[in-house]
Amino acid sequence: MANYLKYISFAIIVFVNQQVLLAQESIGIQGQVVDSLDQPISDVLVLLLPDSTSTITDNKGRFAFKNFSAKPTQIVCSHLQFERLILEANDQVSFSIKMKVNTQLLSGVDINEKRFRETQEVGNIEISAKNAYTLPSATGDFSKVLATLPGVTSNNELASVYSVRGGNYDENLIYVNGIKIYRPFLVSAGRQEGLGFINTDMVGNVQFSAGGWQAKYGDKLSSVLNVQYEEPKTNQATVNLSLLGGSLHFGGINKKGDLNYSFGVRHKNSKYLLGTLKTNGNYLPKFTDFQGFVNKRFGSNTTLGFLISSAHNNYLTLPESQETEFGTIQASFRMSTAFEGREQLDYHTNQAGIILTHAFTENIISRFTVSGVLSSERENYEIEGAYLLCDVNREPGSNRFNECVSIRGIGSNYSYGRNKLEAKILTVDQNNEIFLGDDVLAFGMTWDYENLDDQLKEYAFTDSADFANVTYSADNSIDIESHKIGGFAQYTLNAASKKHTLNVGARLSYWTYSGQLLISPRLQYAYSFGPQRRTSIRLSSGLYQQHPFYRELRNREGEINPEVKAQSSLHVVGGMDHFFQAWGRPFKLTTDLYYKHLWDVNPYDVDNIKIRYFATNQAKAYAYGADFRINGEFIEGTESWFSLGLLKTMEDLQEGEGFIRRPSDQLVNLGIFFQDHIPNDPSIKVSVNMLFGSGLPFGPPRNDTYRNKFSGDEYYRLDLGFSKSFEFENDKTLTPNTLWIGLEVLNALGAENTISYTWIQDVVGNQFAVPNTLSARFLNVRVIAKF
C-alpha cells in the first residue's frame, strides 16, 4: 500500500510539473523596461538564462518570450547607455524592469548604432559621446573619436581636421543643433589650429554619415556630422584639468522645468606638447573659447533655442633651431637649421544662432533658424632658416661615427606673409516635417549671405647652390559678396512591418556669384530581416555637389579665377549591419562597399593641413573602397571597437598623364579603441587608442611632372590611458559626485610621423625631401570631477 501511494504521489508531481511547463509555454514571459523616470527604453537586449534565448525591446520598452527550451533562472538586460542588470526569474511571467543610466566616467566613448527604425536615418551612425574627452589623445578634440570610425582619416594628432573616403578637409559638413559650423579659414598647420568647435562636455547625441546621406543636408562632397547639444535634466557641472589645458562646464534646468541651459569654457595650451617637435624654440599658443546653449519651452508646442560661441586662438612662435636626420643606413643625411624671425597668428571667430521650433499639431512640426558668423583672422610671419645638409657616417667602428663627413649643400629659406581675412556669413533656414502615420514628408529652404574680404601678401625664396630662387609670390585680394539659395524635399516611407525603409528626395542650390543652379537627387533604402530584425542591408545613391568657397577660387600662385564652378560626385553605397551576441553581450558588425565618381574636379595639393587649389574644373576622379567595423563589449561593462578601411582614389588632370593618385589616396586605414579593467574592480581601467594609415602620396612643389609620384611613410600612433575613478555619495555642492584621475602616455611608441616635406637642392642639383615630423612621446596627467 505504501509503495502504491508513492507511485501515485510521483505521478501527481510529474503531472503538476508538466502542467506548469505547459502553462509557461502558453503564457510565456513578458515585460517592459523603463528608466529612472519611467520612460520606456528601446533596443535593450533581454537574455534568458541558461538557454541564452534573447530578444530586443521595441520602442515602448516591451519584450516577450513565447517559447524556451529550459526553465528560465535569470533575466539579463543590456544597453550601451544603461548599467547591465541581472534579475532572478523566480517563476514570474511578467516583469517591470527599471534600469539605471551608466554614469561611470571611464566608460570611454559609447557608440550605439541602433537598428533602422523610423527615428534612424539610413546609413547614419549614431554616436553617444558624453565621455568622449576620456579618449586618450593629444588634443582631446571630438574629431579624434571620428578618426577611429571606418572611412575617416586623420593623420595629424595636432589638428581637428579629417578626410572621409578620399575627400579633403573642406568637403565635410558640420551642424550643431541644425546650425552650420565654420572652422578658421587661414590655418596652415595643425599646431596653429587650436580648439575644434564641438565641446564634448555639451554633446548630447551625434549622427555621422560617410556618404549617401539624405537630401535635407547641405551641399558638400564627403560627409555630414550632425551634433545635438544636450538639454540637461538636472543641475550638473564638470571640471576637466590636464597639462595641456582644461575645461569648465555647468548646466541645469529651472524649477518650472521649461528652461534648460548649458555653458562651457575651454582653454588649451599645447606649449609642452609642441616642445617635443623637432623645431626648438619658444612656443606660446593660447586657445580659448566659450559656448552656451539655452532652450526655452513655451507651452507644449513651442521651443526657442539660442546657441552662442566665441573662440579666440592666438599662436606665437619664435623658432630657434632644428636638426633632422633622414635617409637609409647606406645613405644617411642630416640637415641642421638655424632660424631667425617669428610667426604671429590670431584667429577670432564668433558664431550665434536662434532656433524656433513649433508644432502646429502633433504631426506637423516647423523649425526656423537664423544664424551668423563673424570671423577676423590675421597671419603675420617673417622667418629665415639657414641650413647645412651633410652626409652622416653610420659605420659603428669608425672614429667619426654619427658625424658629418661631407657637406652636400648650404643655403637658406626665407618666408614672409601679411595676410588677413574678414568674413561675415548670415544664414536663414526654414524646415518642416509632416508625419503621415509611419511616413515622414520633409521640406525646407535656406538662404545664405556671404561677405568675404581676403587680402593675401606673401612670398618665399631659397638661396642655395650659389643662386636665389623665388619659390612663391602672391599679392592680391578678393572681396566676394554673394547669396546662396537652396531648398530640399524628401519623403521617408516606413513599412508597417518595420522591415523596409525608403527615403527619396532632392536638393536645389543656386549661387549668385557663379550663376550656377545645382539639382541633386538622392535615395536611401534599408531592409531588415532575421530574428528581431538583427540583420539589415542598405543601399544609398545620389548626386552630391559643392559650390566653391573663396579658397577654391585661388590657384596655387594665389591668383583668383572667378570662373570656377561646382564640383560634382555620384555616390553609390551598399552595406550590411548585423547584430549578434557573444559571451552573453551585444555586438555589431558593419560592412560598407562604396564607389564615387567625380567630375568638374578642382585639383589641389596639401601642405600640412593647408590646401592649395588649382582653381580649375579640369579633372575627373574616382574613389572606391570597403569599410569594416566590429563594435561591442569585448570586456564586460566597457565598449570597444575595431575599424578597417580600404581605399583607392585617383584623378586625371586631362593633360596627357592619365590617372594619378589623389593627395588623400591612403590604401589602408586602421582604427582601434579598446578598454579593459581590473577583474572585479571596473574603476581601474586601461584605454588604448591606436591608428595606422599607409603612406600618402607626395611630390616636389609646383612640379606637375612628379606630382604625387612618391609614397610617404606610414602613419602609426598609439595612445595609452591609465585611470582610477571614485564615486561619492553626498549632498554637498562643492564636493564631486565622481572623481577621475588619469595618466596618459601619448605616442607611446615614439613614432616619428611625417606631416610634410621641405625640398632643398644640393650643389650638384639633386633634390632632397626633408621630412617635417609631428609630436614625440609625451606624458599627460588629467583630472576630471563631476558635480
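The structure we're discussing is the one just above.
Residues numbered from 1 in each chain as written. Predicted model: local features only at pLDDT ≥ 70, side-chain atom pairs only at ≥ 80, totals over all residues. Heavy atoms only, no water.

Here the focus is the overall build of the protein. Within the protein, the secondary structure is distributed over three helices and 43 strands. Along the first, second and third principal axes, the C-alpha atoms of the protein reach 120 × 70 × 60 Å. Out of the 787 residues in the protein, the part that is buried amounts to 52%. Summed over all atoms, the accessible surface of the protein reaches about 34,300 Å², with 58% contributed by carbon and sulfur. Averaging the coordinates of the 72 positive side-chain charges in the protein and doing the same for the 84 negative ones gives two points 5 Å apart. (Helix = DSSP H or I, 4+ residues; strand = E, 2+ residues; numbered from the N terminus. Buried < 20%, exposed > 50% of the residue type's maximum accessible area, 1.4 Å probe, protein only. Areas by Shrake-Rupley, 256 points an atom, 1.4 Å probe, with all protein chains shown as cover. Lys, Arg positive; Asp, Glu negative; His and termini not counted. Charge placed at Lys NZ, Arg CZ, Asp CG, Glu CD.)

With that settled, the discussion passes to the sheet that holds strand 14 (residues 223-229). Taken together, five strands build an open sheet; the order of strands is 8-13-14-11-12 and the sheet is mixed. Sheet topology places strand 8 (125-127) and strand 12 (179-180) at the edges, where each strand pairs with a single neighbour. Relative to strand 14, strand 11 (residues 172-176) runs parallel, the two sharing five bridges. Pairing of Tyr-175 across the sheet is with Asn-226, part of strand 14. (Pairing = 2+ DSSP bridges.)

Let's shift gears to the sheet that holds strand 7 (residues 94-98). Spatial ordering of the open sheet is given by 4-1-7, a layout of three strands whose pairing is mixed. The open sheet is flanked by strand 4 (62-65) and strand 7, the only strands paired with a single partner. Looking at each pair of strands side by side, their axes are set apart by 20 degrees on average, direction ignored. The pairing of strand 1 (residues 29-34) with strand 7 spans five bridges and is parallel. By the bridge assignment for strand 7, Gln-32 is matched with Ser-96. (Axes fitted to C-alpha atoms, helices over the stretch in contact; angles between N-to-C directions.)

Our focus in this paragraph is the packing of aromatic side chains. One pass over the full model with this rule turns up 28 aromatic pairs. Relative to Phe-333, the ring of Phe-326 has its centre 5.6 Å away and its plane inclined at 35 degrees; by these criteria the two rings are tilted. A ring pair is formed by Trp-583 and Phe-587, whose centres lie 5.7 Å apart and whose planes are at 70 degrees; its orientation type is edge-to-face. Look at Trp-583 and you get exposed, because its relative accessible area is 61%. Owing to a relative accessible area of 3%, Phe-587 belongs among the buried residues under this scheme. Each member of the aromatic cluster is reached from another via a ring pair, and the members are Phe-580, Trp-583, Phe-587, Phe-634, Phe-642 and Phe-674. (Phe/Tyr/Trp six-rings, centres within 6.5 Å; stacked < 30°, edge-to-face > 60°.)

Enumeration over the complete set of coordinates arrives at 31 salt bridges. The shortest N-O distance in the salt bridge between Arg-612 and Glu-458 comes to 3.8 Å. Taken as a pair, Arg-612 in strand 31 (residues 610-613) and Glu-458 in strand 23 (residues 439-464) lie far apart in primary sequence, 154 residues in all. Counted as one network, the salt bridges with shared partners bring together Arg-556, Asp-605, Glu-651, Arg-662, Asp-704 and Arg-707. (Salt bridge = Lys/Arg side-chain N within 4 Å of Asp/Glu carboxyl O.)

Turning next to unusual backbone geometry. One non-glycine residue with positive phi stands out, namely Asn-402, at about 70 degrees. Relative to the assigned elements, Asn-402 resides in the loop between strand 21 (364-392) and strand 22 (404-436). Using a relative accessible area of 32% as the deciding quantity, one classes Asn-402 as partly exposed. Positive phi, close to 55 degrees, is recorded for Asn-747, a residue that is not glycine. Among the secondary structure elements, Asn-747 is positioned in the loop between strand 40 (738-746) and strand 41 (754-761). On the accessibility criterion, Asn-747 (0% relative accessible area) is buried.

This next bit is on the nonpolar core. Residues Leu-158, Phe-185, Leu-273, Leu-274, Tyr-315, Phe-549 and Tyr-550 are the most contacted members of the largest nonpolar core, which totals 38 residues. Going through the elements one at a time, helix 3 (271-274), strand 18 (279-298), strand 20 (332-361), strand 22 and strand 24 (467-494) are the ones with two or more residues in this core. Ranked by residues supplied to this core, first place goes to strand 22 with three residues. In this view, Phe-185 contacts Ser-375, Glu-377, Leu-421, Ala-423, Phe-549, Tyr-550 and Arg-551; residues no more than four positions away in its chain are not counted. Core analysis: the second largest hydrophobic core is formed by 29 residues, Val-145, Leu-146, Ile-198 and Val-227 among them. (Core = buried A, V, L, I, M, F, W, Y, C linked by side-chain atoms within 4.5 Å. Contact = heavy atoms within 4.5 Å.)

On to the pairing of strand 29 (residues 585-601), then. Where strand 28 (residues 567-582) and strand 29 come together, 15 bridges link them in antiparallel fashion. Across the sheet, Val-572 pairs through a bridge with Tyr-595, a residue of strand 29. Hairpin connection of strand 28 to strand 29: two residues between the antiparallel strands, including Trp-583 at a positive phi of 55 degrees. In this sheet, strand 32 (residues 619-632) lies alongside strand 29 in antiparallel orientation, the contact comprising 13 bridges. Counterpart to Phe-587 in the pairing with strand 32 is Gly-632.

Right, let's get into the state of the cysteines. Counted under the stated rule, the structure contains one disulfide. In this model, Cys-390 is linked to Cys-404 through a disulfide, with the two sulfur atoms separated by 1.9 Å. Remark: Cys-404 occurs in strand 22 and Cys-390 occurs in strand 21; sequence separation between them is 14 residues. Of the residues examined, Cys-390 reaches a relative accessible area of 0% and is grouped as buried. (Disulfide = S-S within 2.5 Å.)

With respect to the helices, strands and loops of the structure, Asn-602 is situated in the loop between strand 29 and strand 30 (604-607). Only 3.1 Å separates the side chain of Asn-602 from the backbone oxygen of Glu-552, close enough to count as a polar contact. Among the polar contacts listed, one links the side chain of Asn-602 to the backbone nitrogen of Ala-615, at a separation of 3.0 Å. Among all residues touching Asn-602, those that are not within four sequence positions of it are Glu-552, Val-564, Gln-567, Tyr-613, Phe-614, Ala-615 and Thr-616. (Polar contact = N/O pair within 3.5 Å; in protein donor to acceptor, adjacent residues only side chain to side chain.)

The next thing to look at is the environment of Asp-592. Here Asp-592 is to be found in strand 29. Measuring from C-alpha to C-alpha, the distance between Asp-592 and Ser-371 comes to 35 Å, with 221 residues separating the pair along the chain. Every residue in contact with Asp-592, bar those within four places of it in the chain, is listed here: Arg-165, Arg-538, Val-573, Gly-574, Gly-575, Gly-625, Ala-626 and Asp-627. At a separation of 3.0 Å, a polar atom in the side chain of Asp-592 contacts the side chain of Arg-538.

Before going further, it helps to examine the environment of Ile-784. Secondary-structure assignment places Ile-784 in strand 43 (residues 778-786). Residues Ile-784 and Arg-400, 384 residues apart in the sequence, show an inter-C-alpha distance of 51 Å.

This part covers the pairing of strand 39 (residues 715-727). Note: strand 36 (residues 681-693) against strand 39, 10 bridges, orientation antiparallel. Each residue of the ladder has a partner; that of Phe-692, found in strand 39, is Tyr-716.

If you trace the backbone, Arg-782 turns up in strand 43. We classify Arg-782 as buried; its relative accessible area is 7%. At a separation of 3.3 Å, a polar atom in the side chain of Arg-782 contacts the side chain of Glu-744.

What follows covers the environment of Gln-32. Looking at where Gln-32 falls in the secondary structure, it is placed in strand 1. In this structure the C-alpha to C-alpha distance between Gln-32 and His-677, which are 645 residues apart in sequence, comes to 31 Å. Dropping the residues within four chain positions of it, Gln-32 is found in contact with Pro-40, Lys-60, Gly-61, Arg-62, Phe-63, Phe-95, Ser-96 and Ile-97. From its side chain, Gln-32 meets the backbone oxygen of Lys-60 in a polar contact 2.8 Å long.

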